[in-house]
Amino acid sequence: MATLSRWCRWKSATFMATLATALTLVTGVSVALAAGATGGAQASASASTAASAKASSSAKVATKVATTSATPSGIAPAMSCAGLTSLDLAAVVPGVPFEITSATELAAGSNTLGNWAACDVKGVIAPQIHFEVKLPETGWQANYLQVGCGGLCGNVNVTSAPASAGCVPLTSGAFAVAASDEGHYQGGGLFSADPTLRADFGYKSDHQLAQAAKAVIERYYGRAADHAYFDGCSQGGHQALTEAQRYPTDFDGIIAGAPANNFTALNTFSHAWTAQSVYLGGGPATITNADLADLHAAVLKGCGAPADGILADPLSCTWDPATIRCAAGQASTSEDYCLTADQVTTLRRIYAGPTDENGKLLYPGYQLRGSELNWAGIITPATATGASGDISFVRETLRYQIFDSPRPTLTYKDVKFTAAYYRKVMQPNEGMYDATDPDLKAFKAAGGKLILWHGLGDQHIPAVGTMAYYKAVEKVMGGSTATEDFARLFLLPGVAHCGGGQGPATFDALTAMTDWVTKGEAPGSLTTRSVNSSGSTTATRPVYPFPYVAKNTTGGPADDAGSYTPVRSAAEANLTLNRLGSFRSGYETVGNWVHGTWVVSKGKA
């Protein structure tokens, strides 16, 4: 049925294009029509809440270049690609001065997003947000897709959308696609020494890109996009939730994967905790990459994993590392793997998460059992004297991002896990960096749809934090039913950070999202796939909306999605955290220069 619905949607687009051509022949006037403009039920459902935002967006471009005519292959450009560079767009979007620096033809064979030729536009939003927009030369169906970045960003990557594998509309050129570097051009945290760049990274850049890119699209095609979508993972997931919370009318559909939305606590307390746990007392690592295979096997056995070795509901497993502690005089081997006392301490801390002196979590999450194979290079180093990725993550945050001035000598060892230190770090920073507001009423009222997803084997950002955030959204929005109307969370067993790992990690949430936005068809499940090096699918598995997990109730093959049915997870449904912080509204801040002074004030931008 999914394949049929996709075919019907794009067949409809072809019909509308043909109709436009016929009207041109009869009336002598070019008419721009797209499938999205005939959305029927979707249009009537969202018109009352989004009409003013759409009108405002259209008004931002003072004069349309020309009307356009659609072709059977999509909406045609209204001007040449090269002509974009001659446009003066500095004042087109109030408050977002920007300019196009280049506009070049990109051959279909050179486009990693799909087999479609594009006008590849590059530009700058003041002061230094670099961006890129790929505008399809044929096939455009009045859709806009903005994609996020990873880590601390620092580069423009518009080459892929993380949750859109196999999305035919994307690969055929139905979307104009854009991305930015979030206002800086190096991947470390040094940029945060400047308050303007800190704000651009924290919350501003994606909103400004959305406005600038929409203006470029309207000039190039002679008409505005009908629908706008966002797709990002990790920092991209953080960007996605920032948009839903602060700028609820920017996008109709948002896909947020493994979101780093609790940014301040994640990069300070979560990463420092695992680093201090692995390097107990600042000494050599107690657990290295060489331990992970044997440790993972012991965890799977202790958690009662099925034969395929994938824990569908790892939150329900409470296996204690002390059960395989080495006996006096026992040496650990692969055949008889056991843990030293220090290793037991390390693992207990990693599975428990960062806590203060009163046992309260300083970050709303912890590593789930079954994620161990994904720890290599991030939580654990290659050798006992080597450095882990967590050490690097904490270093950048401590040195440049959370204090008023750079502190270049700080390391993970300097983080204190106390309530006082938590307040010292969080109070001046969460308002600028974090996207943890659970109140999405404005986004829902605007007709917005949200798909959250997270790999349960995520070694960077514990999936528990996303579960906790979603439950907070449910509480604010009036319960699970009211939340499922516009937002759903999907958890992927065995999947590492933004992909990879042991479970099926390839999937297409973008088609599901466009169906939800344009047809009102909420995704009841997503099909995930394992794909080998030749591109062949080797396994499929469904994932269901939180708090349901996929269980093989049929006895069929473990690698066949048809073998599974949804089963409610009591551990997920009843998740509670003894946490020092909270998901709440009103913590947001905005920063602006006022008479030469950087002023931070309360409130959403």
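In this convention, every chain numbers its residues from 1, walking through the sequence in written order. For a predicted model such as this one, the threshold for reporting local features is a pLDDT of at least 70, and the threshold for listing and counting side-chain atom pairs is 80 or more; totals across whole chains, interfaces and linings nevertheless cover every residue. Think of the side-chain values as coming from all heavy atoms in the structure, minus any hydrogens and water.

Asker: How would you explain the overall build of the protein if you had to name every residue and give the values?
Answerer: Under the DSSP-based scheme used, a helix requires at least four consecutive residues in state H or I and a strand at least two consecutive residues in state E, with every element numbered from the N terminus. Scanning the protein for helices and strands turns up 16 helices and 17 strands. Partly exposed residues are those whose accessible area sits between 20% and 50% of the maximum for their type, while under 20% is buried and over 50% is exposed, using a 1.4 Å probe and protein chains only. Relative to its 605 residues, the protein shows a buried fraction of 57%. In this description, contact between two residues means that some pair of their heavy atoms is separated by no more than 4.5 Å. Contacts in the protein between residues at least 24 apart in sequence constitute 70% of all its contacts with a sequence separation of at least 6. Surface exposure here means Shrake-Rupley accessible area, sampled with a 1.4 Å probe, where a residue is shielded only by the protein chains that are shown. When the accessible area of the protein is evaluated, it comes to approximately 22,700 Å², of which 55% is carbon and sulfur surface.

Asker: Account for the nonpolar core, naming residues and giving values.
Answerer: Within the largest apolar cluster, 67 residues are counted, with the highest numbers of intra-cluster contacts made by Leu 84, Phe 98, Leu 135, Tyr 144, Leu 440, Leu 450 and Met 467. Discounting residues that sit within four places of it in the chain, Met 467 has contacts with Leu 315, Leu 368, Leu 456, Leu 489, Leu 491, Phe 546, Glu 572 and Leu 575. Core analysis: the next-biggest nonpolar cluster, separate from the first, contains 46 residues, Phe 269, Leu 300, Cys 317 and Phe 417 among them. To define a nonpolar core, start from buried Ala, Val, Leu, Ile, Met, Phe, Trp, Tyr and Cys residues and group those joined through side-chain atoms within 4.5 Å.

Asker: So what's going on with the pairing of strand S17 (residues 597–602)? Which residues, and what values?
Answerer: Bridge count for strand S16 (residues 589–594) against S17 is six bridges, and the pairing is antiparallel. Note on S17: the bridge partner recorded for Val 594 is Thr 597. Counted along the chain from S16 to the antiparallel partner S17, the turn is two residues long, and its residue His 595 has a positive phi close to 50 degrees. Pairing between strands is defined by DSSP: at least two bridges between them are needed.

Asker: Provide a residue-level description of the confidence of the model for the protein, including the pertinent values.
Answerer: For every residue, the predictor reports its confidence as pLDDT, a number between 0 and 100. The predicted model of the protein has a mean per-residue pLDDT of 89, with 88% of residues at 70 or higher. Long-range and interchain partners of residues 1–71, a stretch whose pLDDT sits below 50, account for 106 contacts in this model, where long-range means more than four residues apart.

Asker: With reference to specific residues and values, describe helix H15 (residues 509–519).
Answerer: Residues three or four positions apart in an α-helix share a direction because the helix packs 3.6 residues into each turn. Among the eleven residues of H15, ten are classified as buried, and the element is accordingly described as predominantly covered. All of the buried residues along H15 are Ala 509, Leu 510, Thr 511, Ala 512, Met 513, Thr 514, Asp 515, Trp 516, Val 517 and Thr 518. Its side-chain oxygen placed 3.0 Å from the backbone nitrogen of Leu 510, Asp 508 serves as the N-cap of H15. Once H15 ends, the next one or two residues include Gly 520, with phi positive near 75 degrees. Pairs of N or O atoms within 3.5 Å make up the polar contacts considered here, provided that, within protein, one atom can donate a hydrogen while the other can accept it, and that residues adjacent in sequence are counted only when both atoms are side-chain atoms.

Asker: For the side chain of Lys 204, give the residues involved together with the corresponding values.
Answerer: Tracing the backbone through its elements, the reader meets Lys 204 in helix H4 (residues 195–221). The charged side chain of Lys 204 is buried without a salt bridge, its nearest counter-charge being Asp 200 at 5.0 Å. In this structure the side chain of Lys 204 is engaged in a polar contact, spanning 3.5 Å, whose partner is the backbone oxygen of Gly 591. Among residues more than four places away in sequence, those in contact with Lys 204 are Ala 199, Tyr 247, Gly 591 and Asn 592. Charge assignment: positive for Lys and Arg, negative for Asp and Glu; neither His nor the chain ends contribute. We define a salt bridge as a contact between a side-chain nitrogen of Lys or Arg and a carboxyl oxygen of Asp or Glu at a distance within 4 Å.

Asker: Mind laying out the pattern of salt bridges, listing which residues take part and the relevant values?
Answerer: Counted by the stated rule, this structure contains nine salt bridges. Between Glu 132 and Lys 134 there is a salt bridge, with its nearest N and O atoms 3.4 Å apart. As far as burial versus exposure is concerned, Glu 132 and Lys 134 are alike and both buried. The salt bridge involving Lys 441 is made with Asp 439; its shortest N-O contact spans 3.5 Å.

Asker: Any chance you could break down unusual backbone geometry for me, citing the residues and the numbers?
Answerer: Cis geometry is adopted by the peptide bond preceding Pro 127, which originates at Ala 126 and carries an omega value of 0 degrees. Checked against the element boundaries, Pro 127 lands in the loop between strand S4 (118–125) and strand S5 (129–136). Between Phe 546 and the following residue, Pro 547, the backbone shows a cis peptide bond with an omega angle of 10 degrees. Mapping Pro 547 onto the fold places it in the loop between strand S13 (537–543) and strand S14 (548–552).

Asker: Tell me about empty space enclosed by the protein, and name the residues and values.
Answerer: Think of a 1 Å grid over just the protein atoms. A cavity is a set of points where a 1.4 Å probe fits yet cannot get out, a pocket is an open set with protein on both sides within 12 Å along at least five of seven lines, and lining residues have an atom within 4 Å of a point. Grid points are joined across faces, edges and corners, and a volume is the space filled by probe spheres set on the points. Enumeration over the complete set of coordinates arrives at five cavities of 30 Å³ or more. In this structure, the largest cavity encloses a volume near 90 Å³. For the largest cavity, the lining is made up of 14 residues, of which Leu 311, Arg 369, Gly 370, Ser 371 and Gly 494 are closest to its centre. Partitioned by chemical class, the residues of the lining of the largest cavity number six nonpolar, seven polar and one charged. For this scheme, ten residues count as nonpolar: Ala, Val, Leu, Ile, Met, Phe, Trp, Tyr, Cys and Pro. Four count as charged, namely Asp, Glu, Lys and Arg, and the remainder, Gly too, count as polar.

Asker: Explain the environment of Thr 138 residue by residue, including any values.
Answerer: In this structure, Thr 138 sits in the loop between S5 and strand S6 (143–147). The spatial distance from the C-alpha of Thr 138 to the C-alpha of Ala 174 is 8.3 Å, given a sequence separation of 36 residues. Apart from residues no more than four positions distant in its own chain, Thr 138 is found in contact with Ser 73, Ser 172 and Gly 173.

Asker: Describe the packing of H4 against helix H5 (residues 235–246), naming the residues involved and giving the relevant values.
Answerer: Whenever a helix is involved, its axis is fitted only over the stretch in contact; in every case the axis is a line through C-alpha atoms, and angles between N-to-C directions fall within 0 to 180 degrees. Relative orientation of the contacting elements H4 and H5 amounts to 70 degrees, with a least axis distance of 9 Å. Taken as axis vectors, H4 and H5 run roughly perpendicular relative to one another. Touching Phe 201, Gly 202, Tyr 203, Asp 206 and His 207 of H4 are Gln 235, His 238, Gln 239, Thr 242, Glu 243 and Arg 246, all from H5. Small angles under 35 degrees read as roughly parallel and large ones over 145 as roughly antiparallel, with 65 to 115 read as roughly perpendicular and the rest as oblique.

Asker: Can you break down helix H8 (residues 341–352) residue by residue, with the values?
Answerer: Its twelve residues place the ends of H8 17 Å apart at the C-alpha level, agreeing with the 16 Å of an ideal helix rising 1.5 Å per residue. For H8, every residue scored as buried is listed here: Gln 343, Val 344, Thr 346, Leu 347, Ile 350 and Tyr 351. Seen along its axis, H8 keeps its buried residues to an arc of 160 degrees; they face one direction. Those residues of H8 that are buried are in contact with helix H6 (263–278) and helix H7 (292–303). One or two positions beyond H8, positive phi appears at Gly 353, with a value near 90 degrees. Each residue after the first adds 1.5 Å to the expected span of a helix. What the arc describes is the spread of directions from the helix axis to the C-beta atoms.

Asker: Summarise the packing of aromatic side chains; cite the residues concerned and give the values.
Answerer: Pairing of aromatic rings covers Phe, Tyr and Trp, the last counted by its six-membered ring, and requires centre-to-centre distances within 6.5 Å; plane angles under 30 degrees mean stacked, over 60 mean edge-to-face, and any other angle means tilted. In the structure shown here, the tally under the stated rule is 21 aromatic pairs. A centroid spacing of 5.8 Å and a plane angle of 75 degrees characterise the contact between Phe 175 and Tyr 229, whose relative ring orientation is edge-to-face. With Phe 175 in strand S7 (residues 175–180) and Tyr 229 in strand S8 (residues 227–233), this pair connects stretches of sequence that are 54 residues apart. On the basis of relative accessible area, Tyr 229 is assigned to the buried category, the value being 1%. Taking the centre distance of 4.9 Å and the plane angle of 75 degrees together, the rings of Tyr 220 and Tyr 221 count as edge-to-face. The rings of Phe 269, Trp 273, Phe 417, Tyr 421 and Tyr 422 are connected pair by pair, giving a single aromatic cluster.

Asker: Residues and numbers for the state of the cysteines, please.
Answerer: The term disulfide is used for any two cysteine sulfur atoms that are within 2.5 Å. For the coordinates displayed, the defined rule picks out five disulfides. With a sulfur-sulfur separation of 2.0 Å, Cys 233 is cross-linked through a disulfide to Cys 498. Taking the torsion about the S-S bond as the criterion, the Cys 233 to Cys 498 disulfide, at about -100 degrees, is left-handed. One end of the pair, Cys 233, is in strand S8; the other, Cys 498, is in the loop between strand S11 (487–492) and H15, with 265 residues separating them in the sequence. Among the residues examined, Cys 233 registers a relative accessible area of 7% and is labelled buried. Two residues, Cys 326 and Cys 338, share a disulfide whose sulfurs are 2.0 Å apart. Across the disulfide from Cys 326 to Cys 338, rotation about the S-S bond amounts to roughly 90 degrees, and the bridge is consequently right-handed. Remark: Cys 338 occurs in the loop between H7 and H8 and Cys 326 occurs in the loop between H7 and H8; sequence separation between them is twelve residues. Each member of the pair, Cys 326 as well as Cys 338, carries the same accessibility label: buried. In the protein, the bonded cysteines, numbered by position in the sequence, are linked as 1-2, 3-4, 5-10, 6-7, 8-9.

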